[in-house]
Amino acid sequence: MKRSVLTRYRVMAYVTAVMLLVLCACMVAKYGFGTGKDLTLVVSQIHGVLYIIYLVFAFDLGSKAKWKFGKLLWVLVSGTIPTAAFFVERKVVRETEPLIAGNAPEPVKA
């Protein structure tokens, strides 16, 4: 597995998680204080598109890492739970790094 697969997932996990937090703040402003109706609409649409991209990259990583369905489902759903993607991303990186290191060519011994 290439490192770029993990990097794409990591970037989208952070971007999706941050946008979800921004969306939550916008929802509080909209429903709690009656302001930001237009901003909430824009942020929700942007988050939706970014979440779809996150799903594609997470599924790609999961299929290449040969995850079981339950783990893949948890990683995919973590993009919908505020702050969960941050924690899941760290765990995924710890578990996936050895797979990437295992594909690295061995140094030539002189």
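Residues numbered from 1 in each chain as written. Predicted model: local features only at pLDDT ≥ 70, side-chain atom pairs only at ≥ 80, totals over all residues. Heavy atoms only, no water.

Would you mind going over helix H2 (residues 37-65) with me for this structure?
Taking 1.5 Å of rise per residue, 29 residues should cover 42 Å, and H2 covers 41 Å from first to last C-alpha, within 8% of that figure. Every buried residue of H2 is accounted for by Thr40, Val43, His47, Leu50, Tyr51, Tyr54, Ala58, Asp60, Leu61, Gly62 and Ala65. Just beyond H2, the residue with positive phi is Lys66, at close to 60°. (Helix = DSSP H or I, 4+ residues; strand = E, 2+ residues; numbered from the N terminus. Expected span 1.5 Å × (residues − 1). Buried < 20%, exposed > 50% of the residue type's maximum accessible area, 1.4 Å probe, protein only.)

Where do I start with unusual backbone geometry in this structure?
With glycine set apart, most residues show a phi of negative sign, and most peptide bonds adopt trans. Unusually for a residue other than glycine, Lys66 sits at a positive phi of about 60°. Here Lys66 shows up in the loop between H2 and helix H3 (69-77). Look at Lys66 and you get exposed, because its relative accessible area is 72%. One non-glycine residue, Thr83, lies in positive phi territory at about 70°. Positionally, Thr83 belongs in the loop between H3 and helix H4 (84-103).

Please clarify how the packing of helix H1 (residues 3-33) against H2 should be interpreted in this entry.
Two quantities define a packed helix pair, namely the angle between the axes and the distance from one axis to the other. Across the interface, H1 lies against H2 with an axial gap of 8 Å and an inter-helix angle of 155°. Here H1 is positioned roughly antiparallel relative to H2, judged by the angle of their axes. H1 and H2 meet at a crossing whose hand is left-handed. (Axes fitted to C-alpha atoms, helices over the stretch in contact; angles between N-to-C directions. Parallel < 35°, antiparallel > 145°, perpendicular 65-115°, else oblique. Left-handed = near helix turned anticlockwise from the far one by under 90°.)

Help me understand H1, please; the structure alone is not making it clear to me.
Structural remark: α-helix, 3.6 residues per turn; residues separated by three or four positions point the same way. Helix length check: H1 (31 residues) gives 44 Å between terminal C-alpha atoms against 45 Å at 1.5 Å per residue, within 8%. Where H1 terminates, the next one or two residues include Gly34, which has phi positive at roughly 70°.

Could you clarify how one ought to interpret the environment of Lys37 in this entry?
Relative to the elements of secondary structure, Lys37 occurs in helix H2. Taking C-alpha positions, Lys37 is 8.5 Å from Met27, a pair spaced ten residues apart along the chain.

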